[in-house]
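Geometric and topological summary
Residues per chain are reported as follows:
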Amino acid sequence: MSSARCTVLLTFDFDAESSKEARGLTSPTPISQGQYGARVGVPRILKLLARYNIRATFFVPGVTVERYPDIIQQMLAGGHEIGHHGYTHISPLKLSYEEEREQLAKGMDALQRVAGVRPKGYRSPAWDLSNHSIGLFKEFGFAYESSLMGDDYHFYRIGDSNDSPGLVEIPISWLLDDFIHFEIVDNGAGISNPSRIYELWSEEFEGAYEEQGVFCLTMHPQVIGRHPRIRMLERLIQFMRGHAGVEFMTCSEAVAVWSASH
Ligand SMILES: [Zn+2]
């Protein structure tokens, strides 16, 4: 990577209501849980990022872009990147080729129409890809995607072939996702003490630092937005900034730097 010894990517999947709706959870409580992300989570996150002059990446489904154009404008005004996160937050594995293509096209259209943004990257709402996904990413011209788990601290290339170049993968991990640590989900994970997650994440960062790689966190405004958690994130930011040669970037910035030397 550049002169940076370690790159930090703070990424936020701003789903709002869409992740609940896509699972058929449309009664008032789950919907309000999604709305909490917009009402409470995002403002706290944007304030924190501004205080430390950090630019982050928000992956946003098209329906959320259409519902919250003002929030998207605030993100852009803060210098943050907006990435593609599907249209209705439905898993690509549940879709035919035509339906998956339509999701990508409608998500792209929402971002361009509402925010004037042509996203450079994609993250699957299901953290999984179909057999068609990579071909579609090439067609839509994405420079990177971030849904796979084939490495921890290093980018790699996917979908390269003789006749067409593929794209850069920004690997993710359940360990580095706030949702399974802090929310009750179907598989029985629970509500963790933030200090325990601080321990897990800071030790992961030290691994990335030692390998001169990339430390990428995935967070959700409706999850990380609560006070004890956002304070934990602030503590982690301070810890990471205390290391020489650490640079916070947006995903597309980090991909551009990496691609220049690979
Ligand atoms: Zn999502």
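Below you will find a few notes about this structure.

1. Observations regarding helix α6 (residues 133-140)
Within the sequence span of α6, burial applies to S133, L136, F137 and F140. For α6, the angular spread of buried residues about the axis comes to 105°, placing them on one side. In this structure, the buried residues of α6 make contact with α5 (97-115), β4 (121-122), β5 (144-145) and β7 (167-169). Looking one or two places after α6, you find G141, whose phi comes out positive at around 75°.

2. Structural notes on the packing of aromatic side chains
The final tally for this structure, using the stated rule, is twelve aromatic pairs. On the numbers, 5.9 Å between centres and 35° between planes, the contact of Y122 with F142 is tilted. Taken together, the residues span a long stretch of sequence, with Y122 in strand β4 and F142 in the loop between α6 and β5 at a distance of 20 residues. Just as Y122 is buried, F142 falls in that class too. Centroid distance Y198 to F239: 6.3 Å. Interplanar angle 70°. Geometry classified as edge-to-face. Here F239 lies in helix α10 (residues 227-241) and Y198 lies in helix α8 (residues 194-210), a separation of 41 residues in the sequence. Following the ring pairs from residue to residue traces out a cluster consisting of Y198, F205, Y209, F215 and F239. Over the face of the ring belonging to Y209 we find R5, whose NZ or CZ atom lies 4.4 Å from the ring centre.

So, how was this worked out
- Residues numbered from 1 in each chain as written.
- Predicted model: local features only at pLDDT ≥ 70, side-chain atom pairs only at ≥ 80, totals over all residues.
- Heavy atoms only, no water.
- Buried < 20%, exposed > 50% of the residue type's maximum accessible area, 1.4 Å probe, protein only.
- Helix = DSSP H or I, 4+ residues; strand = E, 2+ residues; numbered from the N terminus.
- Arc of directions from axis to C-beta.
- Contact = heavy atoms within 4.5 Å.
- Phe/Tyr/Trp six-rings, centres within 6.5 Å; stacked < 30°, edge-to-face > 60°.
- Lys NZ or Arg CZ within 6 Å of the ring centre and 35° of its normal.

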